[in-house]
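# What the coordinates show
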Amino acid sequence: MLRMEGVRKDHKHRGGIVRVLDNVDLEIDRGEYVSIVGQSGSGKSTLLLMLGGMLSPTRGRVIMGEDSLYDMSPKDRADLRKNELGFLFQTFNLVPYLTALENVQVPLLLRGVDGPDQARKAAGLLERVSLQDRVDHKPSELSVGQQQRVALARMLANDPPVILADEPTGNLDPETGAQILEFLEETNRQGRTVIMVTHDPVTADRASRKLRLHDGAVVPGERLP
C-alpha cells in the first residue's frame, strides 16, 4: 500500500514560494491500476516522484507498506527503490553507450546478480517485448518505440511490485503506445500496482481508478469500468 498524509510541496521561485502540492491525502492499495490526470503544472509528476522516494515533501509523510519513505536514511530509501519500485518515463533514460541487453542488465548488476544470470534474464525480457533481434543495438540504433520497450524490459528486470509510469506513451505513435499500455495492463493482472501519470484521457481510462489533480490538490477519484 502507498499512502500520502497531509503532503505539501513548495518550490522557491524568484524570491517567492510556489505551492505545487497542497495538503494531499491519498491511498493506493496493492494491485491497483491508478491513473493520475490534470492540467500541465498541476503537480502530477511531482506527486509521482514523491511516491517513488525521489523528491521529499515540504511537509507530510509518504508511506509505503509500513515505511515512511522520507524518515528513512538515503541508503535505505535507495535500497527500497531498487527492490520495490519500477520506473517508466517518457524520456526512457537509457544509457546511450550500452546495448539494449546491457541496459536491461543494469538493475540486475546493481542487485548483485551473477553475469551469466544477468544476460540470460535480460535476453528473456527483451524477447518478452519482441526485441530478441535487437539485443546488440544501442539506443541510437533503435526507433523511439523500441527504446521504450527496452525501458519497459529494464523496469521489469527486478520484478518490482510497484510500477510508476510518467507519460509512458507520450512520445509514441498510437500503435506502439497501445502496445506499452497492454504490457502495463499485463503486469497489473500479474498482481503489480501500476500508477501512471498521463495527459491523455483515453489512456487514463485504461486504469481502474482515476485521480485528478487541480491546483495541487487531489479531486476525489473515480472508479472506471
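Read on for an overview of the structure.

### Side note on the overall build of the protein chain
Counting its secondary structure elements, the protein chain contains seven helices and 10 strands. Over its C-alpha atoms the protein chain spans a radius of gyration of 18 Å, differing by no more than 12% from the 17 Å that the globule rule assigns to 225 residues. Sorting the 225 residues of the protein chain into buried and exposed places 50% on the buried side. When contacts within the protein chain are restricted to residue pairs at least 6 apart in sequence, those whose partners lie at least 24 apart make up 66%. For the protein chain, the exposed surface amounts to about 11100 Å²; the carbon and sulfur share of it is 48%. With 29 positive and 32 negative side-chain charges, the protein chain shows a spacing of 4 Å between the two charge centroids.

### Observations concerning unusual backbone geometry
Apart from glycine, the bulk of residues carry a negative phi angle, and the bulk of peptide bonds sit in the trans form. With a phi close to 75 degrees, Phe92 is a non-glycine residue in the positive phi region. In this structure Phe92 comes out as buried when scored by relative accessible area, which is 6%. Despite not being glycine, Glu167 shows a phi value in the positive range, around 50 degrees. Relative to the helices and strands, Glu167 resides in the loop between β7 (162–166) and α6 (174–189).

### Overview of the layout of surface pockets
Of the pockets and cavities examined, the largest pocket occupies roughly 510 Å³. Leu85, Phe87, Pro107, Leu110 and Arg154 are the residues nearest the centre of the largest pocket, which is lined by 22 residues in total. Secondary-structure elements contributing two or more residues to the lining of the largest pocket are α2 (74–84), β6 (85–89), α3 (100–110) and α5 (144–156). Top contributing element to the lining of the largest pocket by residue count: β6, with five residues. Along the lines of polarity and charge, the residues of the lining of the largest pocket split into 14 nonpolar, four polar and four charged. Approximately 150 Å³ is the volume attributed to the second largest pocket. Every element with two or more residues in the lining of the second largest pocket is listed here: α6 and α7 (201–204).

### Let's talk about the side chain of Arg149
Here Arg149 shows up in helix α5. Despite being buried, Arg149 has no salt bridge partner; Asp133 is the closest side chain of opposite charge, sitting 7.2 Å away. From its side chain, Arg149 meets the backbone oxygen of Val129 in a polar contact 2.9 Å long. In this view, Arg149 contacts Val129, Ser130, Leu131, Gln179, Ile180 and Phe183; residues no more than four positions away in its chain are not counted.

### Quick notes on the sheet that holds strand β2 (residues 16–28)
Pairing in this open sheet of four strands is antiparallel, and the strands run β2-β1-β4-β5 from one edge to the other. Of all the strands in the sheet, just β2 and β5 (67–68) have a single pairing partner and so form its edges. Sheet analysis places strand β1 (residues 2–13) next to β2, joined by nine bridges and oriented antiparallel. Note that in β2 the partner of Met4 across the bridge is Leu26.

### Remarks on the environment of Asn158
Tracing the backbone through its elements, the reader meets Asn158 in the loop between α5 and β7. The sequence separation of Asn158 and Leu110 amounts to 48 residues, and the corresponding C-alpha distance is 9.9 Å. Those residues in contact with Asn158, other than ones at most four positions away along the chain, are Lys82, Pro107, Leu108 and Arg111. A distance of 3.5 Å separates a polar side-chain atom of Asn158 from the backbone oxygen of Pro107.

### Examining the pattern of salt bridges
Tallied over the full model, the rule gives 13 salt bridges. A cluster of three or more residues bridged by salt bridges with shared partners is formed by Arg3, Glu5 and Arg61.

### Quick notes on the nonpolar core
Counting residues in hydrophobic clusters, the biggest one holds 31 residues, and the most contacted among them are Leu88, Val104, Leu126, Val150, Leu152 and Leu184. Secondary-structure elements contributing two or more residues to this core are α3, α4 (115–128), α5, β7, α6 and β8 (193–197). In terms of residue count, the dominant contributor to this core is α5 (six residues). Counting 28 residues, the second-largest nonpolar core is a separate cluster that includes Ile28, Leu48, Val62 and Tyr70.

How each quantity is defined
- Residues numbered from 1 in each chain as written.
- Predicted model: local features only at pLDDT ≥ 70, side-chain atom pairs only at ≥ 80, totals over all residues.
- Heavy atoms only, no water.
- Helix = DSSP H or I, 4+ residues; strand = E, 2+ residues; numbered from the N terminus.
- Rg over C-alpha atoms; globule rule 2.2 N^0.38 Å.
- Buried < 20%, exposed > 50% of the residue type's maximum accessible area, 1.4 Å probe, protein only.
- Contact = heavy atoms within 4.5 Å.
- Areas by Shrake-Rupley, 256 points an atom, 1.4 Å probe, with all protein chains shown as cover.
- Lys, Arg positive; Asp, Glu negative; His and termini not counted.
- Charge placed at Lys NZ, Arg CZ, Asp CG, Glu CD.
- 1 Å grid on protein atoms, 1.4 Å probe; cavity = no way out; pocket = protein on both sides within 12 Å on 5 of 7 lines; lining within 4 Å.
- Points joined across faces, edges and corners; volume = space filled by probe spheres on them.
- Nonpolar A, V, L, I, M, F, W, Y, C, P; charged D, E, K, R; others polar.
- Salt bridge = Lys/Arg side-chain N within 4 Å of Asp/Glu carboxyl O.
- Polar contact = N/O pair within 3.5 Å; in protein donor to acceptor, adjacent residues only side chain to side chain.
- Pairing = 2+ DSSP bridges.
- Core = buried A, V, L, I, M, F, W, Y, C linked by side-chain atoms within 4.5 Å.

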